[in-house]
Amino acid sequence: MASESFQPLRRLAALFVAMFAIPSMALAQTGGISGVVTGAGNPLAGVVVNIYDASQDFVKSSQPTNATGNYDVLGLADGPYYAYATGAGGFVSTLYPDIPCVGGPNHGSSYCGLSTGGQIVVAGGSVSGGIDFALQLGGSIAGSVAVDGAPYAGATVELHLDLGQSASWIAKTTVTSAGGAYQIGGLPVGDYYVWAGNTTGGGAGGYVPELFSEIPCRKPSLSSIPRTGGCSLATATVVSVTAGGIAPADFDLEPGSAIRGTAWVDGLPATGVFVDTTINPFGLGAAGASPITGRYLFSGASAGQTTLYAAGNGYTAQPGAPVDIAAGGQVIDGPVFNLAPSPRFRIIRQPLTQSVTSGGSVSLSALADGVPPLSFQWYAGASGDTSSPIGGATSREYVTPAVTTPTSYWVRVTSNAGSLDSATANVTIAPAGTGSFSGRITSSNQPIEGTYVNVYSSSEQFVKASVPTSASGAFSVAGLSPGNYYAFVSPFPMAVSGNVSGWTLAMSPAYPWTDVLYPSTPCASEPKNSGTYCRINTGTPITVSADAETSGIDVNIPMGGVIAGAITVQGEIPNPTAGTQVSVILDSVAVPFVVANGHVDPTGNYVIPRLPAGDYRVVASSSNMLTEVWDDIQCPPGGCLSAGGTSIGVTPTVTIGGKDFDLFPAPQAPSILTQPRSQVVDAGQSAVLTVHASGQPQPILQWYLGQSGDTSSPISGATSSTYDTGPVTANTAYWVRVSNGVGTVDSAAATVAVNPGAYGGLVGGSGGGVTTGGGTIGPGAHRRGGRASGGGGTTGPSRPVAPTVTKPRSQSR
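Residues numbered from 1 in each chain as written. Predicted model: local features only at pLDDT ≥ 70, side-chain atom pairs only at ≥ 80, totals over all residues. Heavy atoms only, no water.

Trainee: Give me the overall build of the protein: which residues, what numbers.
Mentor: Regarding its fold elements, the protein presents 2 helices and 76 strands. Across the protein, contacts joining residues at least 24 apart in sequence account for 66% of those joining residues at least 6 apart. Put simply, the protein shows about 34,800 Å² of open surface, and 53% of that area lies on carbon and sulfur atoms. (Helix = DSSP H or I, 4+ residues; strand = E, 2+ residues; numbered from the N terminus. Contact = heavy atoms within 4.5 Å. Areas by Shrake-Rupley, 256 points an atom, 1.4 Å probe, with all protein chains shown as cover.)

Structure follows, in structure tokens:
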């Protein structure tokens, strides 16, 4: 779905194009679009009108409308356009003519699709006027998300529209504030569904997402279509929005449970396997299985019987045995999946375009996936042109003859499922006066396919990288100016990481070899142009001559060692989205430094492979946790390099496991998430005041009478997050001090006011004053029987007023 938030990027792109088109634009005849924007019959200022062309691509925006609501967009070439006015001041964004939208116009959608709007034609360089908008006054949905009554910051809240015909639309998404509150405004009048959740919060178990009201719901399904483990919008409580109104929708989520297990492909971990409660587990909340260990952690499961499914691109979905969950907050062992590849036929790796010195040759290869047997036939020419088959070129690798003119090649792969044609690989001739070097990359005399050779100049600057090595491990780097070069071989692409369901994989044991500086120096990190460890100029130079190829630049790469372990936080599996990171420090050098980084997998395990023989230390760090060096050495604020710790000796092909960490929270000064609120009660009634605070260690609370900061009247025994005042007969102020040894913070004062009965009165907000009859109040106050602008003001005439009682929200479900 398109978003209004993308408009600045599109405007910037349009501006960039315009900068280079000024000369031609100056000669072109251009027109424009103009009109007036009103809301509730009055001119609206501050509204921006966005213009899209016939292809539904963004063109440009108007300046915000002025006080009379006028706008214009000039400099438009002749042709049809669409216009969209962004709402302001609580009014609804609208697609011309008067089609209300939530979130922004969309390409190719039935909901607020640009093509459903009216076309505005600009012709003859004139301005098409009268393109007016009458925006509707919108409403809002607002509420809070809590967990067991405590505010939950950072929860995701989604607004769904039921479009009928078994279709729904995620109209808007937001997250809750530090106090657990949210508000979504500018909504057209109508009915909506609200979903809230965050399956990755609350440690390993997460929280159970809900569809309003109190329907456990992993993810909302299309309207009226139930989904295994999900829920149907048809079962939810509709939230109705009125013009100018604020519809409430509060959530109190329950702690969920986590299900852990393993997912394999042919007995090995594989990338791209996900686990969820649906047969198509690729959406919100799906748990990614680790391509390192195969483990998955499915969080936010509600009590009851749950069936998990595992699937991945190219694999047949598989259900697991049902899992019984008695209550929330558990970590339960779940099913083990062993997926089988689904019947498929595809080319996984295409032959790649390369450059070669005139008279040289290159190795082209393709990799296909399908049910055997597979056969290959190479052709000269463009893909699909079978007029020039190459005799004897029937394997997946083809070594060209000497190339003196640009030539193209492709391969056809055939199986029982049919035939597939590869992309065209163009072999070009390097410019005259340049040279090349070539060789093979092996390990234990076995070719390594798909690895890179990175080329550095004699001044230790990166020049270029080869294409990945072919099936025989062959590579060639052409187009180099004459001179000396250095080569760094990386069997795993440098600076490459993937994101799998919220956690990051820095390296994979599918590439177990070390990096090597040519000809034979193993490196635990990228090469450097300073220091002494793996410095580029410590390698052997490779001399390149004009119009010639330097061959025989072969590298035999050694296997690396592995350090592995598990990380917990106070005995619990860490939330993988918290970014729990493992760093490896190389100690067997004069000046220790970090050579590798990895992250925990979904079940808290880490694996750091491809380490050359040597001595290392391991550091674990996570958000808001004390950073440690193995074994149990806390790092000082200055860093971990000199923090001690136990050195770990690594040898090739050996996995050293058990390097585990149990992290503890770092000290944090207390903060108040939700202030106690002022209330009005009848004489003799009590009030319940509540404060929500955070900090590490757990803060201590003490309530006081009086204004904030006045500690002369502590209330004995009032040391919890809630305080029951007991019967109140006079206006009284209360506040609470929160401290934990790291720091102290005082709440605002909350006034419990006695309803004046026969008098009109004013009740102050936090820190506000209270009066009866005629009088004034402090900021944030509200009064009955009149209007106080800006939270302050004077009372209206004294007259009987019905009592107002603010009740504490029930924490029960």
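Now, onward.
Trainee: Can you break down the sheet that holds strand S29 (residues 309–312) residue by residue, with the values?
Mentor: Sheet architecture is open: 4 strands sit in the order S26-S25-S29-S30, paired in antiparallel fashion. Edge positions in the open sheet fall to strand S26 (287–288) and strand S30 (315–319), since each of these has one partner strand only. Examined bridge by bridge, strand S25 (residues 273–276) and S29 share 4 bridges and lie antiparallel to one another. The partner of Val 275 across the bridge, within S29, is Ala 310. (Pairing = 2+ DSSP bridges.)

Trainee: Can you lay out the state of the cysteines for me, pointing to particular residues and giving the numbers?
Mentor: Inspection of the entire model under this criterion finds 3 disulfides. Disulfide pairing places Cys 101 opposite Cys 112 at an S-S distance of 1.8 Å. Across the disulfide from Cys 101 to Cys 112, rotation about the S-S bond amounts to roughly -105 degrees, and the bridge is consequently left-handed. One end of the pair, Cys 101, is in the loop between strand S8 (99–100) and strand S9 (120–122); the other, Cys 112, is in the loop between S8 and S9, with 11 residues separating them in the sequence. Given the relative accessible area of 4%, Cys 112 is considered buried. Shown here is the disulfide that connects Cys 523 with Cys 534, its sulfur atoms set 1.6 Å apart. Residues Cys 523 and Cys 534 share a disulfide whose torsion about the S-S bond is about 75 degrees; that sign makes it right-handed. In this pair, Cys 523 is assigned in strand S51 (residues 521–523) and Cys 534 in the loop between S51 and strand S52 (542–544), connecting sequence segments 11 residues apart. (Disulfide = S-S within 2.5 Å. Buried < 20%, exposed > 50% of the residue type's maximum accessible area, 1.4 Å probe, protein only.)

Trainee: Any chance you could break down the pattern of salt bridges for me, citing the residues and the numbers?
Mentor: In total, this model carries 9 salt bridges according to the counting rule given. Note that Asp 333 is salt-bridged to Arg 260, the shortest N-O span being 3.0 Å. Linking Asp 333 in strand S32 (residues 331–339) with Arg 260 in strand S24 (residues 257–265), this pair joins segments that are 73 residues apart in sequence. A relative accessible area of 32% places Arg 260 in the partly exposed class. Between Glu 449 and Arg 349 there is a salt bridge, and its shortest N-O distance comes to 3.1 Å. Taken as a pair, Glu 449 in the loop between strand S43 (446–447) and strand S44 (452–457) and Arg 349 in strand S33 (residues 345–349) lie far apart in primary sequence, 100 residues in all. One network of salt bridges, in which partners are shared, links Arg 349, Arg 396 and Glu 449. (Salt bridge = Lys/Arg side-chain N within 4 Å of Asp/Glu carboxyl O.)

Trainee: Explain the pairing of strand S45 (residues 462–465) residue by residue, including any values.
Mentor: In the sheet, S44 pairs with S45 via 3 bridges, with the strands oriented antiparallel. Bridging across to S45, Tyr 456 finds its partner in Phe 462. Two successive antiparallel strands, S44 and S45, enclose a turn made up of 4 residues, where Glu 460 displays a positive phi of approximately 65 degrees.

Trainee: Describe the packing of aromatic side chains, listing the residues and the values that go with them.
Mentor: Ring pairs (aromatic) are described by centroid distance and by the angle formed between their planes. In total, this model carries 15 aromatic pairs according to the counting rule given. For the ring pair Tyr 398 and Tyr 409, a centre distance of 5.6 Å and an interplane angle of 55 degrees mean the geometry is tilted. Linking Tyr 398 in strand S38 (residues 397–399) with Tyr 409 in strand S39 (residues 407–415), this pair joins segments that are 11 residues apart in sequence. Assessed through its relative accessible area of 6%, Tyr 409 is described here as buried. Ring pairs connect the aromatic residues Tyr 71, Tyr 96 and Phe 133, which therefore count as one cluster. (Phe/Tyr/Trp six-rings, centres within 6.5 Å; stacked < 30°, edge-to-face > 60°.)

Trainee: Give a detailed account of the environment of Leu 673, specifying residues and quantitative values.
Mentor: Structurally, Leu 673 can be placed in strand S65 (residues 668–674). Sequence separation between Leu 673 and Tyr 152 is 521 residues; the distance between their C-alpha atoms is 9.5 Å. With near-sequence residues (within four places) excluded, Leu 673 lies in contact with Ala 178, Gly 179, His 692, Ala 693 and Ser 694.

Trainee: Any details on the environment of Thr 414? Residues and values, ideally.
Mentor: Within the secondary structure, Thr 414 sits in strand S39. Taking the C-alpha atoms as reference, Thr 414 lies 9.7 Å from Pro 372; in sequence the two are 42 residues apart. Residues in contact with Thr 414, not counting those within four places in the same chain, are Phe 345, Pro 373, Leu 374, Ser 375 and Ser 419. Polar contacts involving the side chain of Thr 414 include one to the side chain of Ser 419, which spans 3.2 Å. (Polar contact = N/O pair within 3.5 Å; in protein donor to acceptor, adjacent residues only side chain to side chain.)

Trainee: Go over the sheet that holds strand S27 (residues 295–301) with me, naming the residues and quoting the values.
Mentor: The mixed open sheet is built from 3 strands, whose spatial order is S27-S24-S32. Across the chains shown, the open sheet's two edge strands, defined by having one partner strand only, are S27 and S32. Ignoring strand direction, the axes of neighbouring strands in this sheet form an average angle of 25 degrees. With 7 bridges joining them, S24 and S32 adopt parallel strand pairing. (Axes fitted to C-alpha atoms, helices over the stretch in contact; angles between N-to-C directions.)

Trainee: Describe the side chain of Thr 94, with residues and values.
Mentor: If you trace the backbone, Thr 94 turns up in strand S7 (residues 94–95). For Thr 94, a relative accessible area of 3% translates into the label buried. In terms of polar contacts, Thr 94 uses its side chain to reach the backbone carbonyl oxygen of Val 92, at 3.0 Å. Sequence-distant contacts of Thr 94, that is, excluding residues within four places in its chain, are made with Ala 83, Tyr 84, Ala 85, Ile 99, Pro 100, Phe 133 and Leu 135.

Trainee: So what's going on with the nonpolar core? Which residues, and what values?
Mentor: Ranked by internal contacts, the top residues of the largest apolar core, which has 33 residues, are Ile 141, Val 145, Tyr 182, Leu 187, Tyr 192, Val 194 and Phe 251. Taken together, the elements giving at least two residues each to this core come down to strand S6 (79–85), strand S12 (139–147), strand S14 (156–164), strand S16 (181–187), strand S17 (190–197), strand S21 (239–241) and strand S23 (251–255). Judged by nonpolar contacts, the second largest core, of 32 residues, contains Leu 517, Val 582, Val 595 and Leu 611. (Core = buried A, V, L, I, M, F, W, Y, C linked by side-chain atoms within 4.5 Å.)

Trainee: Before we move on, could you go through the pairing of strand S46 (residues 474–480) and cite the residues and values that matter?
Mentor: On any regular strand, side chains alternate: one points to one face of the sheet, the next to the other face. With 6 of its 7 residues buried, S46 lies for the most part within the structure. Here 5 bridges tie strand S42 (residues 435–443) to S46, and the two strands are oriented antiparallel to one another. Looking at the pairing, Ser 438 lines up with Ser 476 of S46.

Trainee: Describe the confidence of the model for the protein, listing the residues and the values that go with them.
Mentor: The predicted model of the protein has a mean per-residue pLDDT of 81, with 82% of residues at 70 or higher. Considering each helix and strand of the protein separately, the mean pLDDT is smallest for strand S76 (residues 782–783), with a value of 28, and largest for S52, with 98. This model gives residues 223–229 a pLDDT under 50, and the stretch forms 21 contacts once residues within four places in sequence are excluded. Overall, residues 493–509 carries pLDDT values under 50, and its contacts beyond four positions in sequence, including any with other chains, amount to 50 contacts. (pLDDT = per-residue confidence, 0-100.)

Trainee: Describe the environment of Gln 668, and please don't skip the residues or the numbers.
Mentor: One can find Gln 668 in strand S65. When its relative accessible area of 35% is taken as the criterion, Gln 668 is described as partly exposed. Between the alpha carbons of Gln 668 and Asn 624 there is a distance of 8.2 Å; along the sequence they are 44 residues apart. With residues near it in sequence (within four places) discarded, Gln 668 still touches Asn 624, Gly 695, Gln 696, Asn 740 and Val 742.

Trainee: Explain unusual backbone geometry to me, and be specific about the residues and the numbers.
Mentor: In the segment running from Pro 372 into Pro 373, the intervening peptide bond is cis, with an omega of 0 degrees. Relative to the helices and strands, Pro 373 resides in the loop between strand S36 (367–370) and strand S37 (375–380). Across the junction of Tyr 518 and Pro 519, the peptide omega takes the value 10 degrees, indicating a cis bond. Positionally, Pro 519 belongs in the loop between strand S50 (515–517) and S51. Of note in the backbone geometry, Gln 570 takes a positive phi value of approximately 50 degrees without being a glycine. Residue position: Gln 570 is located in the loop between strand S55 (561–569) and strand S56 (581–586).

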